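Coordinate analysis (summary)
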Amino acid sequence: MSSVKITIRKNGPYRVEAPEGTIELVDAEGNKYDLTGKPAFSLCRCGGSVNKPFCDGAHSKIGFQGAELAVKKADLGTPDVPQA
Ligand code: FES
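First, a word on what this report is: a plain description of the structure on this page. What you see is a predicted model; the values in this text were computed from it and never measured.

Quick look at unusual backbone geometry
In this structure, P53 follows K52 across a cis peptide bond, with omega equal to 10°. Within the fold, P53 resides in the loop between β3 (40–43) and α1 (58–62). Backbone geometry at N11 places phi at a positive 55°, although glycine is not the residue there. With respect to the helices and strands, the residue N11 is situated in the loop between β1 (5–8) and β2 (14–17).

Now the structure itself:
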């Protein structure tokens, strides 16, 4: 039995792990991404990657904060304002 595991990385991407060949990733037109030899990959969650939909590490350079952290800050009265 195969299984897919998706981990939300703190202030980072969605890490997808699945046995090779068991997951299909397609773009908006239905074109498949070649995942050959990739039993794990990371999907960009910050919007800053130049290699979307994959993470390229830009999240750490732009100071991306995951939504769960932004909500906690808003609850404390310190709204999350992006730094220039
Ligand atoms: S989450 Fe890593 S570049 Fe966007």
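On we go from here.
Notes on the nonpolar core
Here is a general trend for soluble globular proteins: nonpolar side chains tend to be buried in one another's company. Judged by nonpolar contacts, V16, L25, L35, F41, L43 and F54 together constitute the single largest core of six residues. Excluding its chain neighbours within four sequence positions, the residues that come into contact with L25 are N31, K32, Y33, L35, F41, L43, P53 and F54.

Considerations on the packing of aromatic side chains
Under the definition given, this model contains two aromatic pairs. When the centroid spacing of 5.6 Å and the interplanar angle of 85° are considered together, the rings of Y33 and F54 count as edge-to-face. Here Y33 is found in the loop between β2 and β3, whereas its partner F54 is found in the loop between β3 and α1, with 21 residues between them in sequence. Ring plane angle 80° and centroid distance 5.9 Å describe the contact between F41 and F54, whose orientation is recorded as edge-to-face.

Conventions used here
- Residues numbered from 1 in each chain as written.
- Predicted model: local features only at pLDDT ≥ 70, side-chain atom pairs only at ≥ 80, totals over all residues.
- Heavy atoms only, no water.
- Helix = DSSP H or I, 4+ residues; strand = E, 2+ residues; numbered from the N terminus.
- Core = buried A, V, L, I, M, F, W, Y, C linked by side-chain atoms within 4.5 Å.
- Buried < 20%, exposed > 50% of the residue type's maximum accessible area, 1.4 Å probe, protein only.
- Contact = heavy atoms within 4.5 Å.
- Phe/Tyr/Trp six-rings, centres within 6.5 Å; stacked < 30°, edge-to-face > 60°.

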